[in-house]
Amino acid sequence: MPDNSVVFRVNAPNARKIQIDLGKKYDMVKDESGVWTVRTEPIEPGFHYYFLVIDDVPVADPASQSFFGTGKMTSGIDIPEKGIDFYDIKDVPHGSMSSRIYFSKVTNSWRRLYVYTPPGYDKDINKKYPVVYLQHGGGEDETGWVNQGKTNLILDNLFAEGKAEPMIVVIANGNVRATMAGYTSEAMDSFKKEMTQNIVPFIDENYRTIPDRSNRALCGLSMGGGQSFYAGLENLDVFSAVGIFSSGLFGGIHTSSANAFDAEKEMPGLLSKSNEFNKKLDLFYISCGDQDMRIDHTKKAVATMREKGLRVEFNSFPGDHEWQVWRKSFHDFASRVFK
């Protein structure tokens, strides 16, 4: 609706109770013909997951497209943001998004990833490209940045405007079984091996990459941001740029003063030998939503890093822990990397 409220209608004459769960639950009202209706409050612009809750059972809406984003298939609605068009389809050259299957020696199984190749990739068979490895968050999989994130459209538009270097982007499944939970180097061990021993070699073997560290970047949202912190900063012989979007690594989720984020402990030398990291990092980027409960912890961590001489590019965007913030974060990161 014009005020960003949403009207839902469900034809279910035999249901006893129906709600819409958009983070907040709205009770629907049934008319004489068995059609349930509700109009929500104005919704913040951006992408939002939602469920139909029918007789207390949450289900994906069969009348809409579903997305894997809450550990299961979930319905979603995208509220346009006034003045924001960087992920709209425009009359510009378009790249290609394709899925690939590779065998993982870490998981001993076949796995899927997505690869975006920029416009012109199939025409100039001699040109090689830098690569960004882009990771999803918890409860999501490799389809997140493809569907919810609109990665291909973001890049198409950036390239057309001359605001980013043409690049390949690889979106892999970050759900690799760990021996322990949490944000620690040990907990990320399986992912680090998956990324450096399986995914990067597979991409270099099958695509026209520039196969050196200065032309590789690793970034991700939430859980993927934590993965990027450890897998990126511990492998600066592989990556020269690292991006962390809205990660709980720095605090704001299930943390206390007793286990507050300690950059030096988590990444030895990051503060005490910041100059060494500065020499190897072409870009170290951190972002967060202004209304995200992680924002204050993130700002504090960034301030500490900068005080110790580490070069950090930081940006924040209106919004909570949500895709609109992550779309803007990747848009910003992609416009800075490989420059």
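In case you missed it, the structure is sitting above this.
For clarity, every value in this text was computed on a predicted model and none was experimentally measured. (Residues numbered from 1 in each chain as written. Predicted model: local features only at pLDDT ≥ 70, side-chain atom pairs only at ≥ 80, totals over all residues. Heavy atoms only, no water.)

### So, the sheet that holds strand S4 (residues 29–30)
Within a sheet, adjacent strands bond to each other through the backbone by hydrogen bonds, running parallel or antiparallel.
In step 1: Strand order in this open sheet of three strands is S1-S5-S4, and the pairing throughout is antiparallel. Only two strands of the sheet have a single neighbouring strand rather than two, namely strand S1 (7–11) and S4.
In step 2: Note: S1 against strand S5 (residues 35–39), five bridges, orientation antiparallel. For Phe8, the partnering residue across the bridge sits in S5 and is Val38. (Pairing = 2+ DSSP bridges. Helix = DSSP H or I, 4+ residues; strand = E, 2+ residues; numbered from the N terminus.)

### Observations concerning the packing of aromatic side chains
In step 1: Going through the model one piece at a time under the given rule, you end up with 20 aromatic pairs.
In step 2: On the basis of an interplanar angle of 85° and a centroid distance of 4.9 Å, the ring pair of Phe47 and Phe67 is categorised as edge-to-face. Within this pair, whereas Phe47 is found in strand S6 (residues 46–54), its partner Phe67 is found in strand S8 (residues 66–68), the two being separated by 20 residues in sequence. Residue Phe47 shares its accessibility class with Phe67, and that shared class is buried.
In step 3: Ring centres 6.0 Å apart and planes at 75° place the aromatic pair Phe229 and Phe261 in the edge-to-face group. Of the two residues, Phe229 is situated in helix H4 (residues 223–233) and Phe261 in the loop between strand S15 (241–245) and helix H5 (263–266); the sequence distance between them amounts to 32 residues.
In step 4: Its relative accessible area of 0% is what places Phe229 among the buried residues.
In step 5: Taken together, the aromatic side chains of Trp145, Phe245, Tyr285, Trp323, Trp326, Phe330 and Phe333 make up a single cluster linked through ring pairs.
In step 6: A cation sits over an aromatic face here: Arg208 above Tyr121, 4.0 Å from the ring centre.
In step 7: When the ring centre of Tyr87 is taken as reference, the NZ or CZ atom of Arg327 above it lies at 4.5 Å. (Phe/Tyr/Trp six-rings, centres within 6.5 Å; stacked < 30°, edge-to-face > 60°. Buried < 20%, exposed > 50% of the residue type's maximum accessible area, 1.4 Å probe, protein only. Lys NZ or Arg CZ within 6 Å of the ring centre and 35° of its normal.)

### Concerning a nonpolar patch on the surface
In step 1: Among the surface-exposed residues, Ile101, Phe103 and Trp110 lie close enough to one another that they form a single nonpolar patch of about 360 Å² accessible area.
In step 2: Structurally, the position occupied by Ile101 is in strand S10 (residues 96–104). (Patch = residues over 30% accessible without salt bridge, like charges linked within 9 Å, V, L, I, M, F, W, Y side chains within 5 Å. Areas by Shrake-Rupley, 256 points an atom, 1.4 Å probe, with all protein chains shown as cover. Salt bridge = Lys/Arg side-chain N within 4 Å of Asp/Glu carboxyl O.)

### Observations concerning the pairing of strand S13 (residues 168–172)
In step 1: With five of its five residues buried, S13 lies for the most part within the structure.
In step 2: Of the two faces of S13, the one carrying Ile168, Val170 and Ala172 and the one carrying Val169 and Ile171 are both buried.
In step 3: As paired strands, strand S11 (residues 109–117) and S13 are joined by four bridges and run antiparallel to one another. If you follow Tyr114 over to S13, its bridge partner there is Ile171.
In step 4: Sheet topology places strand S12 (residues 131–135) next to S13; three bridges connect them, and they run parallel. Paired with Val131 across the two strands is Ile168, which belongs to S13.

### What about the packing of helix H2 (residues 151–160) against helix H8 (residues 323–336)?
In step 1: H8 packs onto H2 with a crossing angle of 40° between their chain directions and a minimal axis gap of 10 Å. When the interaxial angle is binned, H2 and H8 end up oblique. For H2 against H8, the interelement crossing comes out right-handed. Note on element contacts: H8 touches H2 through Arg327, Phe330, His331, Ala334 and Ser335, opposite Thr151, Ile154, Leu155 and Leu158.
In step 2: In the contact of H2 with H8, the residues fall into five nonpolar, three polar and one charged. (Axes fitted to C-alpha atoms, helices over the stretch in contact; angles between N-to-C directions. Parallel < 35°, antiparallel > 145°, perpendicular 65-115°, else oblique. Left-handed = near helix turned anticlockwise from the far one by under 90°. Contact = heavy atoms within 4.5 Å. Nonpolar A, V, L, I, M, F, W, Y, C, P; charged D, E, K, R; others polar.)

### Re helix H7 (residues 295–307)
In step 1: End to end, H7 covers 18 Å across 13 residues, agreeing with the expected 18 Å (1.5 Å per residue, within 8%).
In step 2: Here H7 has its buried residues at Ile295, Thr298, Ala301, Val302 and Met305. With its buried residues spanning 130° around the axis, H7 presents them on a single face. Residues of H7 that are exposed and point more than 90 degrees away from the buried face comprise Asp296, Lys300 and Glu307.
In step 3: Contacts made by the buried residues of H7 are with strand S16 (283–289) and strand S17 (313–317).
In step 4: Positioned one or two residues after H7, Gly309 has a phi angle of 95°, which is positive. (Expected span 1.5 Å × (residues − 1). Arc of directions from axis to C-beta.)

### Overview of the environment of Glu234
In step 1: Along the chain, the position of Glu234 falls in the loop between H4 and S15.
In step 2: Assessed through its relative accessible area of 32%, Glu234 is described here as partly exposed.
In step 3: A C-alpha to C-alpha distance of 7.8 Å links Glu234 and Met267, two positions 33 residues apart in sequence.
In step 4: Not counting residues up to four positions away in its chain, the partners in contact with Glu234 are Ser185, Lys192, Phe229 and Met267.
In step 5: In this structure the side chain of Glu234 is engaged in a polar contact, spanning 2.7 Å, whose partner is the side chain of Ser185. (Polar contact = N/O pair within 3.5 Å; in protein donor to acceptor, adjacent residues only side chain to side chain.)

### Focus: the sheet that holds strand S14 (residues 216–221)
In step 1: Read across the open sheet, the eight strands follow the order S10-S11-S13-S12-S14-S15-S16-S17; overall the sheet is mixed. Among the strands making up the open sheet, the edge pair consists of S10 and S17. Ignoring which end each strand starts from, the neighbouring axes of this sheet average 20° apart.
In step 2: Inspection of the sheet shows S14 paired to S15 by five bridges, in the parallel sense. Each bridged residue has a counterpart across the sheet, and for Gly220 the counterpart in S15 is Ile244.
In step 3: Across the sheet, helix H3 (residues 189–206) lies against S10, S11, S12, S13 and S14, angled at about 120° from S10, the strand it touches most.
In step 4: Its contacts with the sheet put H4 on S12, S14, S15 and S16, and the angle it makes with S14 is roughly 150°.

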